[in-house]
Amino acid sequence: MQEIRKQITDIDNEIIKLLEQRFELCKRVGEIKRANNLPILDETREQEVLAGIEATAGKYGEEIKTVFEEIMQQAKNIE
Ligand SMILES: C=C(O[C@@H]1C=C(C(=O)O)C=C[C@H]1O)C(=O)O
């Protein structure tokens, strides 16, 4: 079990780094929106993101979509 948990921790660390990068990019999108008086929420784009996940993710597609809904919520909070 210890070895498996080490692998989980390694993956968690990669997810953390990638989420940091994603949130930084979202923050930049937010700055562009503010400069152009655009709303933070873009439902069309969110549907595109979720459709992309549906097309890409395999076995755990539904679970991954739920995770991404929360990620996009936090992205909007950061923006
Ligand atoms: C980052 C954006 O802002 C919001 C967050 C999104 C995301 O986290 O992918 C997508 C659409 C927007 O509701 C964007 O518009 O691209």
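Here the structure is a predicted model, which is why all the values come from computation and not from measurement. Numbering of residues begins from 1 in every chain and follows the order in which that chain's sequence is written. Confidence filtering applies because this is a predicted model: local features only for residues at pLDDT of at least 70, side-chain atom pairs given and counted only at 80 or more, and all residues used for totals across whole chains, interfaces and linings. Hydrogens and waters are ignored; side-chain quantities use all the structure's heavy atoms.

**Q** Help me understand the overall build of the protein in this model?
**A** Runs of H or I in DSSP of at least four residues are treated as helices and runs of E of at least two as strands, each being numbered from the N terminus. Helix and strand counts for the protein come out as three helices and zero strands. Helices and strands appear in the protein in the N-to-C order α-α-α. C-alpha atoms define the radius of gyration, and 2.2 Å times the number of residues to the power 0.38 defines the globule rule. In terms of C-alpha radius of gyration, the protein reaches 15 Å, well past the compact-globule figure of 12 Å for 79 residues. Each principal axis of the C-alpha distribution contributes one length, and for the protein these read about 50 × 25 × 15 Å. Only protein chains enter the accessibility calculation, which uses a 1.4 Å probe; a residue whose area is less than 20% of its type maximum is buried, one above 50% is exposed, and one in between is partly exposed. For the protein, the residues scored as buried account for 18% of the 79 residues in total. By definition in these notes, contact holds between two residues if any of their heavy atoms fall within 4.5 Å. In the protein, the proportion of contacts linking residues at least 24 apart, taken out of those at least 6 apart, comes to 59%. Using a 1.4 Å probe, the Shrake-Rupley method yields the accessible areas, and only the shown protein chains count as cover for residues. Summed over its atoms, the accessible surface of the protein is roughly 6500 Å², and 56% of this surface lies on carbon and sulfur atoms. None of His or the chain ends enter the tally, which takes Lys and Arg as positive and Asp and Glu as negative. Charged side chains are reduced to one point each, which is NZ for Lys, CZ for Arg, CG for Asp and CD for Glu. The distance from the centre of the 12 positive side-chain charges to the centre of the 17 negative ones in the protein is 3 Å.

**Q** Quick question: what am I supposed to make of the UniProt feature "domain: Chorismate mutase" (unreviewed entry) in the protein here?
**A** Residues annotated in UniProt with the feature "domain: Chorismate mutase" (unreviewed entry) correspond here to residues 1-79. The annotated region residues 1-79 carries 84% helix and 0% strand content, and the separation between its end C-alpha atoms amounts to 39 Å. UniProt positions are given in the numbering used here, feature names are shortened, and annotations may be inferred rather than shown by experiment.

**Q** I'm lost on the site of the ligand in this one. Help?
**A** Consider each residue's heavy atoms; a residue with any of them within 4 Å of a molecule or strand counts as near. Lining the immediate environment of the ligand, one finds 14 residues, of which Arg 22, Lys 33, Asp 42, Glu 46 and Glu 79 sit closest. What qualifies as a polar contact is a pair of N or O atoms within 3.5 Å, subject to a donor-acceptor requirement within protein and to the restriction that residues adjacent in sequence count only when both atoms come from side chains. In the model, an oxygen atom of the ligand is placed 2.9 Å from a nitrogen or oxygen of the Asp 42 main chain. Glu 46 is positioned with one of its side-chain polar atoms (N or O) 2.6 Å from an oxygen atom of the ligand. When the free accessible area of the ligand is taken as 360 Å², the share hidden by the protein chains comes to 92%. Put simply, the grid is 1 Å and covers the protein atoms alone, a cavity is a trapped set of points that fit a 1.4 Å probe, a pocket is an open set with protein on both sides within 12 Å along at least five of seven lines, and lining residues have an atom within 4 Å of a point. Any molecule with more than half of its atoms within 2 Å of a cavity's or pocket's grid points is regarded as sitting in that cavity or pocket. Taken atom by atom, the bulk of the ligand overlaps the largest pocket. Those elements that place two or more of their residues in the shell around the ligand are α1 (2-35), α2 (43-56) and α3 (61-78). For this scheme, ten residues count as nonpolar: Ala, Val, Leu, Ile, Met, Phe, Trp, Tyr, Cys and Pro. Four count as charged, namely Asp, Glu, Lys and Arg, and the remainder, Gly too, count as polar. Within the shell around the ligand, the residues separate by chemical class into seven nonpolar, no polar and seven charged.

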